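Below are the chains, spelled out letter by letter.
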Amino acid sequence: PASVNTTPGNRTTWNGSPGVFGNASDSLSGVAKVEVSIKSLTDVSTANKWWMGSAFSAVTEQWLTASGTTLWNFDDSSVAYVNGKQYLLRWRATDAAGNIENPGAGSTFTFDSTLPPAPTALTATAVGEARIDLSWTVSAGAVSYLVYYGPTGPPYGGTGAVQGASGITVA
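This text gives an overview of the structure that appears in the document.

Describing the nonpolar core
Here is step 1 of the chain: Formed by 21 residues in total, the largest nonpolar core has its most connected members in Ile-38, Trp-72 and Tyr-81.
Here is step 2 of the chain: Elements supplying a minimum of two residues to this core: β3 (20-25), β4 (31-40), β9 (71-74), β10 (86-95) and β11 (107-112).
Here is step 3 of the chain: Setting aside its immediate chain neighbours within four residues, Ile-38 contacts Lys-49, Trp-50, Trp-51, Phe-56, Phe-74, Asp-76, Val-79, Tyr-81, Leu-88 and Leu-89.

In structure tokens:
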């Protein structure tokens, strides 16, 4: 099996209450599950500890099951991220035959608790079959927005848009 993390991707700073999204594939037996692990790297009280589902306390890597398989997401809203501290996110897929993907190096990011300013005057206009145009006014201080789409709810792994696969960075 093979998996990829689409969010946070390779962003070095991650803010607000992030979610972990990705996709996985296996051309033989199919994807049975995807797991993620989160390690605290720089917080003095939790440095080099892995998230157990309720706290950073494990000294060995802990794998937590994500929702979904080929399109997957992990709800990390309960993770005790600390502003300005660095974390490591890793992921791996397991196929129906029991083969476990060798996880890569993962994604390292610094958590920023400051939410970006929300856009104003958001409108959605139906343009044609399976097409909706979104427009909004950028709030002061916003650099870009990340827009997710998909045929159903999370993990919003849409593909095929002219602008690219979900999530699309909009400056």
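Now, onward.
Considerations on the pattern of salt bridges
Here is step 1 of the chain: Tallying each qualifying case throughout the model produces four salt bridges.
Here is step 2 of the chain: One salt bridge in this structure joins Lys-33 and Glu-35, with 3.5 Å as the shortest N-O distance.
Here is step 3 of the chain: For Lys-33, a relative accessible area of 31% gives the class partly exposed.
Here is step 4 of the chain: Residue Arg-131 pairs with Asp-133 through a salt bridge whose shortest N-O separation is 3.0 Å.
Here is step 5 of the chain: Here Arg-131 falls in the partly exposed class, since its relative accessible area comes to 46%.
Here is step 6 of the chain: For Asp-133, a relative accessible area of 32% puts it in the partly exposed group.
Here is step 7 of the chain: Salt bridges sharing common partners tie together Lys-33, Glu-35 and Arg-92.

Observations concerning unusual backbone geometry
A negative phi holds for most residues other than glycine; trans holds for most peptide bonds.
Here is step 1 of the chain: Residue Pro-8 follows Thr-7 across a cis peptide bond; omega there is 20°.
Here is step 2 of the chain: Inspection of the secondary structure assignment puts Pro-8 in the loop between β1 (2-7) and β2 (13-15).
Here is step 3 of the chain: We note that Asn-48 has phi near 65°; this positive angle belongs to a residue other than glycine.
Here is step 4 of the chain: Inspection of the secondary structure puts Asn-48 in the loop between β4 and β5 (49-51).

Looking at the packing of aromatic side chains
Here is step 1 of the chain: Using the criterion set out here, one finds eight aromatic pairs in the structure.
Here is step 2 of the chain: Joined through ring pairs, the aromatic side chains of Trp-14, Trp-51, Phe-56, Tyr-81, Tyr-87, Phe-109 and Phe-111 make up one cluster.

Conventions adopted
Residues numbered from 1 in each chain as written. Predicted model: local features only at pLDDT ≥ 70, side-chain atom pairs only at ≥ 80, totals over all residues. Heavy atoms only, no water. Core = buried A, V, L, I, M, F, W, Y, C linked by side-chain atoms within 4.5 Å. Buried < 20%, exposed > 50% of the residue type's maximum accessible area, 1.4 Å probe, protein only. Helix = DSSP H or I, 4+ residues; strand = E, 2+ residues; numbered from the N terminus. Contact = heavy atoms within 4.5 Å. Salt bridge = Lys/Arg side-chain N within 4 Å of Asp/Glu carboxyl O. Phe/Tyr/Trp six-rings, centres within 6.5 Å; stacked < 30°, edge-to-face > 60°.

Taken by themselves, the reported measurements are silent on function.
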